[in-house]
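# A closer look at the structure
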Amino acid sequence: MKRVVIIGGGISGLATAYSLREHQELTSADNGEDFEILLIESKPRVGGNISTEKKEGFIIEGGPDCFISEKPWALALCRRVGLTGELLVTNDKLRKTFVLSRGKLHVLPEGVILMVPTKMLPLAFSSLISLGGKIRMGLEYFIPKKRGTEDETLGSFVRRRLGAEALDKIAEPLVAGIHAGDPETMSVRASFPKFVQMEAEHGSLIKGMIKRMASMKKRHKAPAAPASGGSTAKTPGKITMFMTLKGGMSTLIDKIAEIVLSTPNTRIWCSADVGSLTRIDSGYRVGMADGSTVEADAVVIAAPAHAASRLTAGIDPELSEKLKSIPYVSTATISIAYKKSDIKHPMNGFGFVVPRSEKRKIMASTWTSIKFSGRAPDGSVLIRCFVGGSKNMELVDLSDSEMIELVRTELGDIMGITAEPVIARVFRFKNAMPQYTVGHEERVEWIDQRVEATPGLYLTGSAYHGIGIADSIRYGEITAKKVLHRIRS
Ligand SMILES: Cc1cc2nc3c(=O)[nH]c(=O)nc-3n(C[C@H](O)[C@H](O)[C@H](O)COP(=O)(O)OP(=O)(O)OC[C@H]3O[C@@H](n4cnc5c(N)ncnc54)[C@H](O)[C@@H]3O)c2cc1C
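What follows deals with the overall build of the protein chain. From N to C terminus, the protein chain includes 16 helices and 22 strands. The C-alpha radius of gyration of the protein chain comes to 23 Å, within 12% of the 23 Å expected for a compact globule of 489 residues. Its C-alpha atoms give the protein chain principal-axis dimensions of about 70 × 55 × 50 Å. Buried positions account for 55% of the 489 residues belonging to the protein chain.

What follows is the structure, encoded as C-alpha cells:
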C-alpha cells in the first residue's frame, strides 16, 4: 500500500489530510484502502498555532481567535466537518476599533476597511486624523494609478495613495495587529493583492472598496441568525467578517483529527520530530529525530518554511536556501481577565491597535469577551494583548511574570485598569509568523517550480500563498489534490 507522510500537524497539515480522505471517498470505491496517511507532529498535540484553553469558565485562545469569512475556505471546512451549529459571529453592535494616538484611544472612523475610507462623514469628524491627513486620504479618489507592475513595500504604497498620516495611524498598526510585520519591508503585492488589484482596476482604493462592499452585502444577505449567532445544518446562519467557534478555534482541530483518525489506514504521531528527508528509489526516507525511519511514496511538508529548509537541505540545497530566505517573526499573546466591576473603561468596541510612533510595548489589544459572546463568565471581562512582532521581538523572551507585568502597566496607562487580574495566561509563538517581504511572489514562484520538478515532494502552509487560516486551508486542499493525482498515477 502506498504511503503519504505529512510533516506538521497545524491546520495546513490537517486540512491536507482531511482533503485527501475526502477526495478519496468521492473518487474511490475502496474508501481508504488504497493508501495510508501518516501525519507527524513534533509537539505533543496537533493544531500548531491554534490552541484553545478552557479555564475557570474562560475560553482563552493562545493563537488565532477567528478566521475571515470573505475567504470562504475555513467557513466551508467548518460546515463540511459538521460544525455549522458551532459557528459564532462577532458582536457587531459593538464593532468599533480604537487607535492609540498621543496617549489616548480614538475611534477608527466608521467605514475605514483595513486602511481605506469608504464613508467620508465619519472620517471628516474623526479625532484620530488631522485635517490635513483627512484631506490627503480623501484625495486618494483622484490620485492616478501607478504605472508599471513592479512590487513595492506596503509603506510606500500607503504613503503614495493615502498619505503618511494614514500609514502611521491606521495602516501600520492594523497591519502589525494582523501580520506582526513592518510595512517598510512587507510586499504590498503578496500581502494585500486585493489593494493592488483595486488600484489597477478602479484607479482608486476608495472606489474599489465601495464596489466590493456593495457586492459583499448582496452575497451575505442571509436568513436571520439564531440568538446565539450560530446556525443549524439547514440554515446558512448569519455571517460576519470574522467568525469563530463557540468552543474556540481548537474545536476545528479536534474535529478534523477525529474524522481523519476514524478513516482506515490513517495515523497521527505526536511528539515525533522529523529530522531529515532522503530520496530513495520508491520516494523518500523520513528520518525521525529518535533515529527511526519511515518510508513514503509522497511527502508533504506542512511545517514552517524554516523547518522545510532544514528538511530539504540534503535533497536540494538551493531549494533549502530559498526556503530559508522567507523571514519569520515571533510574537506572544497575553490573555488577562478582570472582574467587570473593577473596570471603569466602557470597553465599547473590539479593542485597540497601537502605532509604532506611540513607542508602547504592546502592539494591539482585543477585548475578547466583547468581540465574541461566551468567552468569559458573567461578571468578568477577558482582554488579550499582543507583544513582539517585527518591532519588539526581544519581548517574547521575557518571563511570564515580566510579560504580565508589562501588559498590566500598559493597560493601566491606556485604559486606566489598576485592578488585580483574576486570570493571566501567556502564549509564545517563536518564529511562527512568516513575513511576505518585497519579492515574495517571485521567491514563491521559484520554490513552486522547483518543488514541482521534485517528484513526490510537496510544500504547504502559511509561508507561501496566504498567511491566515482560510488561505492555509485552501492551499492544503490544493496540495491534497496534487498528492492524490500522483498516488493514483
Ligand atoms: C499569535 C497569532 C495569532 C494569529 N491569529 C490569527 C487569526 O486570528 N486568524 C487567522 O486566520 N490567522 C491567524 N494567525 C495565523 C495562523 O495561525 C496561521 O495561518 C495558521 O495557523 C498556519 O498554520 P500552519 O499549519 O501552516 O502552520 P503551524 O500552525 O505553524 O503548524 C506547523 C506545524 O508543524 C510542526 N512542525 C514543525 N517542524 C516539524 C518537524 N520537523 N517535524 C514534525 N512537525 C514539525 C509544528 O510543531 C507545527 O505544529 C495567527 C498567528 C499567530 C502566531
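Next comes the rest of the write-up.
This part takes up helix α11 (residues 305-312). The buried count for α11 comes to six of eight residues, which makes it a mostly enclosed element. If you check which residues of α11 are buried, you get A305, A307, A308, S309, L311 and T312. Where the residues of α11 are buried, they touch β1 (2-7), β13 (274-280), β16 (298-301), α12 (317-324), β17 (328-339) and β22 (457-459).

Before going further, it helps to examine unusual backbone geometry. Of note in this structure, R102 is not a glycine but carries a positive phi near 50 degrees. Its location among the elements puts R102 in the loop between β7 (97-101) and β8 (104-107). On the basis of relative accessible area, R102 is assigned to the exposed category, the value being 58%. One non-glycine residue with positive phi stands out, namely S271, at about 50 degrees. For S271, the location among the structural elements is in the loop between β12 (266-269) and β13.

Glancing now at the packing of helix α5 (residues 154-162) against helix α6 (residues 164-179). Close contact between α5 and α6 brings their axes to 9 Å; oriented N to C, the two are set at 140 degrees. Comparing the axis directions of α5 and α6 gives the class oblique. Relative to α6, the crossing made by α5 is right-handed. Taking contact as the criterion, the partners of L154, G155, V158, R159 and L162 in α5 are, on α6, A164, A166, L167, A171 and V175.

Backbone-to-backbone hydrogen bonds pair the strands of a sheet. The strands run either parallel or antiparallel. Read across the sheet, three strands follow the order β5-β11-β6 without closing on themselves; strand pairing throughout is antiparallel. With partners counted over all chains shown, the strands left at the sheet margins are β5 (67-68) and β6 (87-89), one partner each. Two elements, β6 and strand β11 (residues 242-245), share three bridges in a ladder whose sense is antiparallel. Looking at the pairing, L88 lines up with T244 of β11.

Below, the discussion takes up the site of the ligand. The full set close to the ligand counts 33 residues, and S12, E41, C66, I467 and I469 are the nearest of them. Backbone polar atom of I11 to an oxygen atom of the ligand: 3.1 Å apart, as the coordinates give it. The separation between an oxygen atom of the ligand and a polar main-chain atom of N49 is 2.9 Å. Here the ligand has 1000 Å² of accessible area as a free molecule, and 89% of this is covered by the chains.

Attention now goes to the side chain of S380. Mapped onto the secondary structure, S380 falls in strand β20 (residues 380-388). Residues within four places of S380 in sequence aside, it is in contact with F58, Y338, K339, K340 and S369.

This part covers the confidence of the model for the protein chain. In this model, the protein chain carries an average pLDDT of 92, and 95% of its residues clear a pLDDT of 70 or more. Across residues 223-235 the pLDDT falls below 50, and counting only partners more than four positions away or on other chains, this stretch makes 21 contacts in the model.

Moving on, we come to the nonpolar core. Ranked by internal contacts, the top residues of the largest apolar core, which has 42 residues, are I6, L20, F67, L252 and I256. Counting residues per element, this core draws most heavily on helix α16 (residues 469-488), at seven residues. The contacts of F67, once residues within four sequence positions are left out, are A74, L75, C78, L87, M241, F242, M243, T244, M249 and I469. Formed by 35 residues, the second largest nonpolar core is a distinct cluster that contains M137, F157, I170 and V188.

Our focus in this paragraph is helix α2 (residues 73-80). Restricting attention to buried positions, one finds in α2 the residues A74, L75, L77 and C78. In an axial view of α2, the angular spread of the buried residues amounts to 160 degrees, which keeps them on one side of the axis. Two residues or fewer past α2, G82 is found with a positive phi of approximately 90 degrees.

Within the secondary structure, K359 sits in the loop between β18 (351-353) and β19 (362-366). With a relative accessible area of 72%, K359 lands in the exposed category. Separated by 32 residues in the primary sequence, K359 and K391 have C-alpha atoms spaced 9.9 Å apart.

On to the packing of aromatic side chains. Counted according to the given criterion, the structure contains five aromatic pairs. Aromatic side chains Y464 and Y475 sit 6.2 Å apart centroid to centroid with 65 degrees between the ring planes, which places their arrangement in the edge-to-face category. One end of the pair, Y464, is in the loop between β22 and α16; the other, Y475, is in helix α16, with eleven residues separating them in the sequence. Among the aromatic residues, those joined into a cluster by ring pairs are F98, F352 and W367. Geometry around W446 places K322 over its ring, the cationic atom sitting 5.2 Å from the centre. We note R425 situated over the ring of F427; from NZ or CZ to the ring centre the distance is 4.7 Å.

A few words now on the state of the cysteines. Overall, the coordinates contain zero disulfides when judged by the stated rule. Of all cysteine sulfurs, the one in C78 lies closest to C66, which takes part in no disulfide; the gap is 12 Å. For C66, a relative accessible area of 15% translates into the label buried. No disulfide involves C385; its nearest neighbouring cysteine sulfur is the one of C66, lying 16 Å away. Owing to a relative accessible area of 0%, C385 belongs among the buried residues under this scheme.

This part covers the sheet that holds strand β2 (residues 35-40). Across the sheet, five strands lie side by side as β12-β2-β1-β16-β22; this open sheet has parallel pairing. Either end of the sheet is taken by a strand with one partner, and the two such strands are β12 and β22. Each adjacent strand pair in this sheet contributes to an overall mean axis angle of 15 degrees, direction not counted. Pairing of β2 with β12, which is carried by four bridges, proceeds in the parallel orientation. Within β12, the residue paired with I40 across the bridge is W269.

Conventions and cut-offs
Residues numbered from 1 in each chain as written. Predicted model: local features only at pLDDT ≥ 70, side-chain atom pairs only at ≥ 80, totals over all residues. Heavy atoms only, no water. Helix = DSSP H or I, 4+ residues; strand = E, 2+ residues; numbered from the N terminus. Rg over C-alpha atoms; globule rule 2.2 N^0.38 Å. Buried < 20%, exposed > 50% of the residue type's maximum accessible area, 1.4 Å probe, protein only. Contact = heavy atoms within 4.5 Å. Axes fitted to C-alpha atoms, helices over the stretch in contact; angles between N-to-C directions. Parallel < 35°, antiparallel > 145°, perpendicular 65-115°, else oblique. Left-handed = near helix turned anticlockwise from the far one by under 90°. Pairing = 2+ DSSP bridges. Near = heavy atom within 4 Å. Polar contact = N/O pair within 3.5 Å; in protein donor to acceptor, adjacent residues only side chain to side chain. Areas by Shrake-Rupley, 256 points an atom, 1.4 Å probe, with all protein chains shown as cover. pLDDT = per-residue confidence, 0-100. Core = buried A, V, L, I, M, F, W, Y, C linked by side-chain atoms within 4.5 Å. Arc of directions from axis to C-beta. Phe/Tyr/Trp six-rings, centres within 6.5 Å; stacked < 30°, edge-to-face > 60°. Lys NZ or Arg CZ within 6 Å of the ring centre and 35° of its normal. Disulfide = S-S within 2.5 Å.

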